[in-house]
Amino acid sequence: MAYSDKVIDHYANPKNVGTLDKSKNNVGTGLVGAPECGDVMRLQIEVDEVSGVIRDAKFKTFGCGSAIASSSLATEWLKGKTVDQAMAIDNMDIVEELNLPPVKIHCSVLAEDAIKAAINDYRVKNGLPELVEEKKAH
Amino acid sequence: MELNLPIYLDNNATTPMDPRVLDAMIPYFTEKFGNAASRNHSFGWVAEEAVDYAREQVAKLIGADPKEIIFTSGATEADNLAIKGIYEMYASKGDHIITCTTEHKAVLDTCKHIETIGGHVTYLPVQADGLVDLADLEKAITPKTILIAIMYGNNETGVIQPIREISQIARKHGVLFFTDGTQAVGKVPVDVNADGIDLMAFSAHKMYGPKGVGALYVRRKNPRVKVTSQMDGGGHERGMRSGTLNVPAIVGFGKACELCMNEMEAESKRLSKLRDKLEQGLLVLEEAYVNGTPEHRLPHTANISFKYVEGEGLMMGFNKNIALSSGSACTSASLEPSYVLKALGLGDDLAHSSLRFGLGRFTTEEQVDYTIAAVKETVLKLREMSPLWEMFQEGIDLDKIEWAHH
């Protein structure tokens, strides 16, 4: 199975690898997946309190190249979006952008889950109710 | 010596054919094309002579008599013929087979098939070092047991089972002993008499011969063993495996065996030295572990888990230049990591983090040095982006986290 050029590029030059201060109120952290399943993603967003715009996003991922690329791409897309806009990111957008084969779709689902988990963490921290969405099949 | 790229370190999957083997084969595709079963003309005689000679070369490598070699299409067919053939032939004696959980799928799935047709199979677990427990083995034997099927050397870990001890137990209880010798034959000395083997499957393409040909060794004396054929037809191979012989491939198989016979001693020393160098070079990394006992191992195989990085992601860092394989299942649709590593008691996380290095005849020291550097660099790079590594560094116990399993 050959990887798409975009996956290779994200793998070789991942964007926004790192850690944000999770104790801060305007930082939301999502940790999804499991080591036994072969992928764990941690995605963090830092939200501008005034504008509600995501001003920074970071990730760390344990997983295959497609998982790393999906999370790297997600952080790129998150920056500059409002939290509501971020909530609308769909895993199939990631599949399309990275040209993921069917066996790798679960990587994109995991990235979407990580985005939503980070947003919910941010919401809960700021006294907002968690947004519940139907779980997608992995 | 200059470095040749890409580097092939997946010799447990298949080996490149030795050019000397190809040279031996070539005439048998064109001018010497006869059917070895054609008894009435020179084309047939030439082919038959070539097969006879190859049969001697193959037999010699394992200390067998040429009449004890049944040519097949490969080790999978030989595994099937041995297990199904014994099950059918010895049905009046019993219906119980003992095998172990780290066997190749060609053995495990054949045993599963036996169960679907009414047979009984015991799948022995292995210990953390990958070896079967001999006391467990002996305890599993019942009056209905007809066959013990335990592999010689494991394809993923390289662990070599205590073959002589197993065969002694089998003998003591009057049970036949079959071993899948695919990874071991040609790499380490295998002698069917000294080792007490009654049946053994092996294959040419794991020892620098062509794909599509293998053999089943079937003992003819002390005891005389017979298998029911699984392929019926012209009665080739003493009635145990019908089908026109693949003469060029058999010639190549013979040549490959002869080369292994002549070069094994020096080659296994060279490879184990290179393997140890590779292993030592990689074990300087923190949280890197060898899977399977280092004491009883094939000389060319190393299986190492690099904790907190995932195997497929790891391979992607260097797969343009280095070909090897991983116990991670990310490449397969099942998402299940290696059952062999899990049988050794590794958690799924460590199985996902494993790489298998299979060195071979054409592996050079320069390639090993390059591999050490490339793998190390990628492990360090991926750990920098691994949330698990960060948690480990912070002293967080990953087992205590409630992961969202998907």
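As the structure is a computational prediction, the values presented were derived from the model and not from experiment. (Residues numbered from 1 in each chain as written. Chains lettered and ligands numbered in written order. Predicted model: local features only at pLDDT ≥ 70, side-chain atom pairs only at ≥ 80, totals over all residues.)

Q: Any details on the overall build of chain A? Residues and values, ideally.
A: The helix and strand tally for chain A stands at five helices and three strands. What you see in chain A, going N to C, is helices and strands ordered as α-β-β-β-α-α-α-α. Referenced to the eigenvectors of the C-alpha coordinate spread, the extents of chain A come out at roughly 45 × 30 × 25 Å. Counting the 138 residues in chain A, one finds 50% classified as buried. Contacts in chain A between residues far apart in sequence, at least 24 positions, make up 64% of those at least 6 positions apart. (Helix = DSSP H or I, 4+ residues; strand = E, 2+ residues; numbered from the N terminus. Buried ≥ 20, exposed ≤ 12 C-beta atoms within 10 Å, placed from the backbone. Contact = placed C-beta atoms within 7 Å.)

Q: Go over the overall build of chain B with me, naming the residues and quoting the values.
A: For chain B, the count of helices and strands is twelve helices and 13 strands. Put simply, chain B has 406 residues, and 52% of those count as buried. Put simply, 73% of the contacts in chain B that link residues at least 6 apart link residues at least 24 apart.

Q: Just give me the short version of the interface of chain B and chain A, but keep the residues and values in it.
A: Between chain B and chain A, the contact holds 28 residues from the first and 26 residues from the second. When contributions to the side of chain B that touches chain A are tallied by element, the ones reaching two or more residues are helix H8 (311-316), helix H10 (348-352) and helix H12 (387-393) of chain B. Taken together, the residues that form the side of chain B that touches chain A break down as 14 nonpolar, eight polar and six charged. (Nonpolar A, V, L, I, M, F, W, Y, C, P; charged D, E, K, R; others polar.)

Q: Lay out the sheet that holds strand E1 (residues 27-34) of chain A in plain terms, naming residues and giving numbers.
A: Think of a sheet as strands paired side by side through backbone hydrogen bonds, with each pair either parallel or antiparallel. Residue and element names in this part refer to chain A. The strand order across the open sheet formed by three strands is E1-E2-E3, and the pairing between neighbours is antiparallel. Strand pairing shows two members of the sheet lacking a second neighbour, E1 and strand E3 (54-62), which therefore form its edges. Ignoring which end each strand starts from, the neighbouring axes of this sheet average 10° apart. With eight bridges connecting them, strand E2 (residues 39-47) and E3 associate as antiparallel partners. Bridging across to E3, Met41 finds its partner in Thr61. Each of E2 and E3 is contacted by helix H2 (residues 65-78), which is oriented at about 175° to E3, the strand it contacts most. Across the sheet, helix H5 (residues 105-125) is in contact with E1 and E2; its angle to E1 comes to roughly 145°. (Pairing = 2+ DSSP bridges. Axes fitted to C-alpha atoms, helices over the stretch in contact; angles between N-to-C directions.)

Q: Which residues make up the confidence of the model for chain A, and what are the values?
A: For chain A, per-residue confidence averages 93 on the pLDDT scale, and residues scoring 70 or more make up 95% of the total. Ranking the helices and strands of chain A by mean pLDDT puts E3 of chain A first, with 97, and helix H3 (residues 83-87) of chain A last, with 94. (pLDDT = per-residue confidence, 0-100.)

Q: Explain the domain arrangement of chain B to me, and be specific about the residues and the numbers.
A: Residue and element names in this part refer to chain B. In terms of domains, chain B is made up of domain 1 (7-12 + 264-400) and domain 2 (19-259). Using only C-alpha atoms to locate each centre, domain 1 and domain 2 end up separated by 30 Å. Across the boundary between the two partners, domain 1 contributes 22 residues, which contact 23 residues of domain 2. Taken together, the elements giving at least two residues each to the side of domain 1 that touches domain 2 come down to helix H7 (247-283), strand E10 (301-306) and helix H9 (339-343). (Domains from an automatic or database assignment.)

Q: An account of the pairing of strand E3 (residues 96-100) of chain B is requested, with residue identities and associated values reported.
A: For a regular strand, side chains alternate in direction, first toward one face of the sheet and then toward the other. Residue and element names in this part refer to chain B. With five of five residues buried, E3 is to be regarded as a mostly interior element. In E3, alternate side chains face the same way, and those of His96, Ile98 and Cys100 on one face and Ile97 and Thr99 on the other are all buried. Note: E3 against strand E4 (residues 120-124), five bridges, orientation parallel. Bridge pairing in E4 places Cys100 opposite Leu124. Traced from E3 through helix H4 (residues 105-116) to E4, the parallel crossover comes out right-handed. Where E3 lies against strand E5 (residues 145-149), four bridges are found, and the strand directions are parallel. Note that in E5 the partner of His96 across the bridge is Thr145. (Right-handed = clockwise from strand over helix to strand, strands pointing away.)

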